[in-house]
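Observations on the model geometry
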Amino acid sequence: MDLYHGFLILSLISFFIFGILWICFARISMKYIECEMKKEGKEPPQWDGMGARAVSYAMAVALPAGVLKNYILVDVEAAKRLSRRSDWKLAVWYLAAGFVFILIILVAYFIKPD
C-alpha cells in the first residue's frame, strides 16, 4: 500500500469519527442549549435542520468570547452562557475532528499519483 492509499483510508476513518462527533454534539449539546433557550423565551433558529446550525453552535461554544461578536446565525451570547463544560469539550472535539478530516483530504489530494 502506498502513501496515497494510506491517506485515503485515514480520511475514511477520520470522516466516521467526525460524523459521530457531529451527531453527538447536535443531539446532546445543541439540543440542551436550545431547550434552555426556549425556557428563556428565545426561539432557536429554524433555518436549518442540524447541519450548519451545529457548526455555528460549536463555534459559539468553543471559541473565546468576542471572536464571533456580530455572528447572526445563532445567539452566541446565550449559547456560551447556557453551555456546560461537557458541551465545550464536545464542541472542541467536533471542530478539531472536522479540521483534521479536511486537512487529511487536502494532503491526499496533493500527493495523489499522476
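None of these values were measured; they are calculated from a predicted model.

What follows concerns the packing of helix 1 (residues 3–39) against helix 4 (residues 85–110). Here helix 1 crosses helix 4 at 155°, and the two axes come no closer than 8 Å. The orientation of helix 1 relative to helix 4 falls into the category roughly antiparallel. Considering how the two elements wind past one another, helix 1 and helix 4 form a crossing that is left-handed.

Turning our attention to the confidence of the model for the protein. For the protein, mean pLDDT is 89; residues scoring 70 or higher make up 97% of the total. Of all the helices and strands in the protein, helix 2 (residues 51–62) carries the lowest mean pLDDT, 89, while helix 4 carries the highest, 95.

Summed over the entire model, instances satisfying the criterion amount to 5 salt bridges. Measuring nitrogen to oxygen at the nearest pair gives 3.1 Å for the salt bridge that ties Glu-36 to Lys-39. With Glu-36 and Lys-39 both in helix 1 and 3 residues apart, the pair spans about one turn of that helix. Taking relative accessible area as the criterion, Lys-39 reaches 63% and is therefore assigned exposed. One salt bridge in this structure joins Arg-84 and Asp-87, with 3.0 Å as the shortest N-O distance. The buried category is assigned to Asp-87, whose relative accessible area is 0%.

Pairs of packed helices are described in terms of their axes, by the angle between the two and the distance that separates them. Orientation of helix 2 relative to helix 4, taken along the N-to-C sense of each, is 120°, at an axis distance of 9 Å. Compared by their axis directions, helix 2 and helix 4 come out oblique. Regarding helix 2 and helix 4, the two cross each other, and that crossing is left-handed. Seen from helix 2, the contacting residues are Ala-54, Val-55, Ala-58, Met-59, Val-61 and Ala-62; seen from helix 4, they are Asp-87, Trp-88, Ala-91, Val-92, Tyr-94 and Leu-95.

Turning our attention to the nonpolar core. The tendency in soluble globular proteins is for nonpolar side chains to be buried as a group. By size, the foremost hydrophobic cluster in this structure holds 22 residues, and its most contacted members are Phe-25 and Tyr-57. Listed by contribution, the elements that provide at least two residues to this core are helix 1, helix 2, helix 3 (76–82) and helix 4. Not counting residues within four places of it along the chain, the set of residues in contact with Phe-25 comprises Met-30, Ala-54, Tyr-57, Ala-58, Asp-87, Leu-90, Ala-91 and Tyr-94.

On to the packing of aromatic side chains. This model, assessed by the stated rule, comprises 6 aromatic pairs. Three or more aromatic residues link up through ring pairs in this structure, and these residues are Phe-15, Phe-16, Phe-18, Phe-25, Tyr-94 and Phe-101. Lying across the ring of Tyr-32, Arg-84 places its NZ or CZ 3.7 Å from the centre.

Procedures and definitions
Residues numbered from 1 in each chain as written. Predicted model: local features only at pLDDT ≥ 70, side-chain atom pairs only at ≥ 80, totals over all residues. Heavy atoms only, no water. Axes fitted to C-alpha atoms, helices over the stretch in contact; angles between N-to-C directions. Helix = DSSP H or I, 4+ residues; strand = E, 2+ residues; numbered from the N terminus. Parallel < 35°, antiparallel > 145°, perpendicular 65-115°, else oblique. Left-handed = near helix turned anticlockwise from the far one by under 90°. pLDDT = per-residue confidence, 0-100. Salt bridge = Lys/Arg side-chain N within 4 Å of Asp/Glu carboxyl O. Buried < 20%, exposed > 50% of the residue type's maximum accessible area, 1.4 Å probe, protein only. Contact = heavy atoms within 4.5 Å. Core = buried A, V, L, I, M, F, W, Y, C linked by side-chain atoms within 4.5 Å. Phe/Tyr/Trp six-rings, centres within 6.5 Å; stacked < 30°, edge-to-face > 60°. Lys NZ or Arg CZ within 6 Å of the ring centre and 35° of its normal.

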